[in-house]
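Survey of secondary and tertiary structure
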Amino acid sequence: MQEENEHEPQLVSVTRIKCSEKTLRPTIPCILHFTEVTSVTGLEFLSQPGQEKTIRACYSLAWIIERCLPLKPDTGMEADVHNNSVPLENGNLAPVDRLRRDRSDSPTPGLVEGTEPGAGQDSAMFVHAQSFEDLTADGEQEQEEEVQVPEGGDRSERGPEVEKPRTEGEENEKMQGQPGEEEQEQEEVQSGGGRAKEEDVNSEAWRRHRKHVFVLSEAGKPIYSRYGTEEALSSTMGVMMALVSFVEAGKNVIRSIHAEGYKVVFLRKSPLVLVGVSRTRQSERELTRELLYIYYQIISLLTLTQLNHVFQIKQNYDLRRLLAGSEHLTDNLLRLLDCDPGLFLSAVTCVPLPSSLRDVVSSSLQAAKAKNLVFSILLAGSRLVTLVRKKDQYLHHMDLHLLYNLVGSSSSFREGEGWTPICLPKFNTAGFFHAHISYLEPASDLCLILISTDREDFFTLSDCKRRFLERLRRRSTYQALQEALLAPSYPVSQVGIPELRHFVYKSKSSGLYTSPEIPIPYQSEEEQERLMGLYQYLHSRMHHPTRPLRFIYHCAERENLLSWVTSGFELYLCFSPLGTKALAISAINKLLKWIRKEEDRLFILSPQTY
Amino acid sequence: MSIFLNLGIHQHIIRRNCEFHELWKLYNIEPLFSTGRNMSSQRVDAKVVLLGKEYVGKTSLVERYVHKRFHGGPYQNTIGAAFVAKPIQVGDKVLTLGIWDTAGAERYEAMSRIYYRGACAAIVCYDLTDSSSFVRLKFWVKELQNCEQQCKIYLCGTKSDLIEADRSIRQVDYHDAQDYAEEVKAEIFETSSKTGRNVDELFQKVAEDFHNSTAFQVMTEEREMDQRQRKSCCHH
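Residues numbered from 1 in each chain as written. Chains lettered and ligands numbered in written order. Predicted model: local features only at pLDDT ≥ 70, side-chain atom pairs only at ≥ 80, totals over all residues. Heavy atoms only, no water.

1. Side note on the environment of Glu415(A)
Keep this limit in mind: What counts as a helix is a DSSP run of H or I of at least four residues, what counts as a strand is a run of E of at least two, and both are numbered from the N terminus. Contact criterion: two residues are considered in contact whenever any of their non-hydrogen atoms come within 4.5 Å of each other.
Turning to its location among the elements, Glu415(A) is positioned in the loop between α16 (397-408) and β9 (417-422). Each C-alpha atom, one on Glu415(A) and one on Pro442(A), is 7.9 Å from the other, the two residues being 27 residues apart in sequence. Glu415(A) has contacts with Thr59(B), Glu63(B), His67(B), Arg69(B), His71(B) and Val84(B), leaving out every residue within four places of it along the chain.

Following this line, the structure appears as structure tokens:
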């Protein structure tokens, strides 16, 4: 038994292990958190660094099977058992249609979808960007997840997989418990900054990271871990896979484990399994979406076809070989998920530009077309300048975020003209597009991405770029564009509301959002993440699958927040803690008027097609 | 919804629900009538491709040659491939080298053919301090010998500055490498992108060999023919 290959946990044989309680000391940190929470067994778990991994894995498996599953539902975490059986409407998480109907009596009836500030004049640029639509797109998976009592009933009345939609009361408790959590977060930030791959996975510091992400294959082989080396975590991942397949063997799907402020979220995307372990206050759904992003990131490099293919041929293939060198892309994406509101809003932001200037740029890009060219995207940093697409072809904002991430996390495109196969998973997971990626000038922030269907198209696209640049220069737009980019954003003071610190406004129909510069109190990285965390929290409350809200005024110690969702837009405001509710409400009107006045500049109102 | 998937010069419309393995097979098909014409442009005289295992320093080599600089920073892997055109003086002529710096990562291997197809020279790199990179080099040399016979091969041992600092870390013996080079009729250089040693010499050699090659002669003749034809057209 102990000689068993650690990469391929054999569930069947392991279940036969019988151990006395004293010898059951799994040293699997991730699962350990979970055991601490659900500590029904009262076992004492100590780490045993000297012990062989195989033994550890076996013990852990045995332990999980022996101890975890007979969890009683009354262990305190679930207050709302009945909601488990609430059927998901149309298999969708966001009951979109019902919401719309509910919201038709919106306080500003004029602002129906399509007429809100920032709404595009013609068709939208993106695939329609409803919040959470990315999860609903995976409806077939969600539908499976209704909880069934596993066979052999008395052993486990409910497996650990049950989802626990939380009541507002619970959320409030959570909010009160927040300060302590924040202290921890700050400590952690001090202790370790960037990626620490060599980190000891048995150390306390490793366990204290706010969010772990693991990717593994169905054979339990490690593919990616955010912290610590994959090798050191192979036994942990083996256990995770064992847990997933054990629950699946009972014709069930494990989605998450909630415990003592920790959430362990599982996303099963055959042939991969993604696991997130988080002690942020993000909802399970948000975490699942983040895992989905990581999944798509992997798909964008390989295509699902290739992924399936390699695992079809060899089930225990080590995918790290094919993904070599892409870890920093995933790391960077995880960072973006923490600090870029666009990723949870399902929206994209653009550089504020006079509309006349943007139109010239767009039409120059439009003119530089080629037969197989599908999308032309001009970026300035992580903001969109303009996007031109083939008629009837839409780019999904998720794909665009993946492109941002690709360009943003590599300096290799500054060396010359890049030419790379890329899969846009929301467009088609089966095939590659070919992207011509280059900066307009070596020192410039302006990056042009031309996406073609033909892998022989490099010089055609290179020529498109030359024609585009020529056209810009001929109309002396290039200089104007460079100058406009010196101020890539705007200060919130332009709005003229003194108490307002920051806001995020998303126009639903165009899938674009606008947001001022991050103000002084939030400029440090951890403060910025905290602010985004607050927005994200409000976002998840507003889009709660069973209890969506339209309007939240949230008073916290360091700021007051207000969020409002209508059929046309989503709005998140951050006020100084001294502001009052009345002030905040009056600020909304003023802000909306301001955005309406500036919409030419803040949004792309007339998207172009070839 | 049907999706365009491009297979070289042939376009197939493949339905989304197409069987995955079939799609894979389709996707791996090499174009039947590949001429390499598309991937080499008129503005380039000679297509040069860099091949080799990841982290051997292909990008650094190009960076040193083209921009005369060396990044000491953290390793950044190339995504896909990067193209740079660089003019070079040979005798009294100026040639333009179109240099393809390819990614070493395995996932781009299936794509590599479009980069070396029609190349007149391939610089296959290996890391002098990493014997596995030399094993990989042999793979690329075989690949070139099978698919691209007219392509001249240059072996390039990188990071020679590290060897100079500490001889014991050399893992690829100079004589072994030289023997292998003779066997496959390749030129061999040991370079350092950090100090610039042998880098210009390598590319100069590539350009000179191309200049003296038949391909170049044919090309210039064709051009002259073109010009003559044009002239005669003007006369009439």
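2. So, the environment of Val66(B)
All names here are of chain B. Relative to the elements of secondary structure, Val66 occurs in helix α2 (residues 58-67). In this structure, the C-alpha to C-alpha distance between Val66 and Lys86, residues 20 residues apart in sequence, is 6.9 Å. Sequence-distant contacts of Val66, defined by excluding residues within four places in its chain, comprise Val84, Lys86 and Ile99.

3. Some points on the pattern of salt bridges
Note on pairing: side chains with opposite charge can pair once their charged atoms come close. Residue and element names in this part refer to chain A. We apply this condition: Counted as salt bridges are all cases of a side-chain nitrogen of Lys or Arg within 4 Å of a carboxyl oxygen of Asp or Glu. When accessible area is computed with a 1.4 Å probe and restricted to protein chains, residues below 20% of their type maximum are described as buried, those above 50% as exposed, and intermediate ones as partly exposed.
One pass over the structure, following the stated rule, counts 33 salt bridges over all chains. Salt-bridge contacts for Arg226 lead to Asp338; the nearest nitrogen and oxygen are separated by 3.7 Å. Of this pair, Arg226 sits in the loop between β2 (222-225) and α10 (234-249) while Asp338 sits in helix α13 (residues 327-339), placing them 112 residues apart in sequence. The exposure class of Arg226 is buried, given its relative accessible area of 10%. For Asp338, a relative accessible area of 14% corresponds to the buried category. A salt bridge links Asp318 to Arg320, with the nearest nitrogen and oxygen atoms 3.2 Å apart. Residue Asp318 is classed as partly exposed on the basis of its relative accessible area of 23%. Shared partners join several salt bridges into a network, and the residues in it are Lys211, Arg226, Glu290 and Asp338.

4. With respect to the UniProt feature "domain: FUZ/MON1/HPS1 third Longin" (unreviewed entry) in chain A
As a reminder, the rule being used: UniProt positions are given in the numbering used here, feature names are shortened, and annotations may be inferred rather than shown by experiment.
Per the UniProt annotation, the sites labelled "domain: FUZ/MON1/HPS1 third Longin" (unreviewed entry) are residues 499-599 of chain A. For residues 499-599 of chain A, the end-to-end C-alpha separation is 22 Å, with 37% helix and 29% strand making up the annotated structure.

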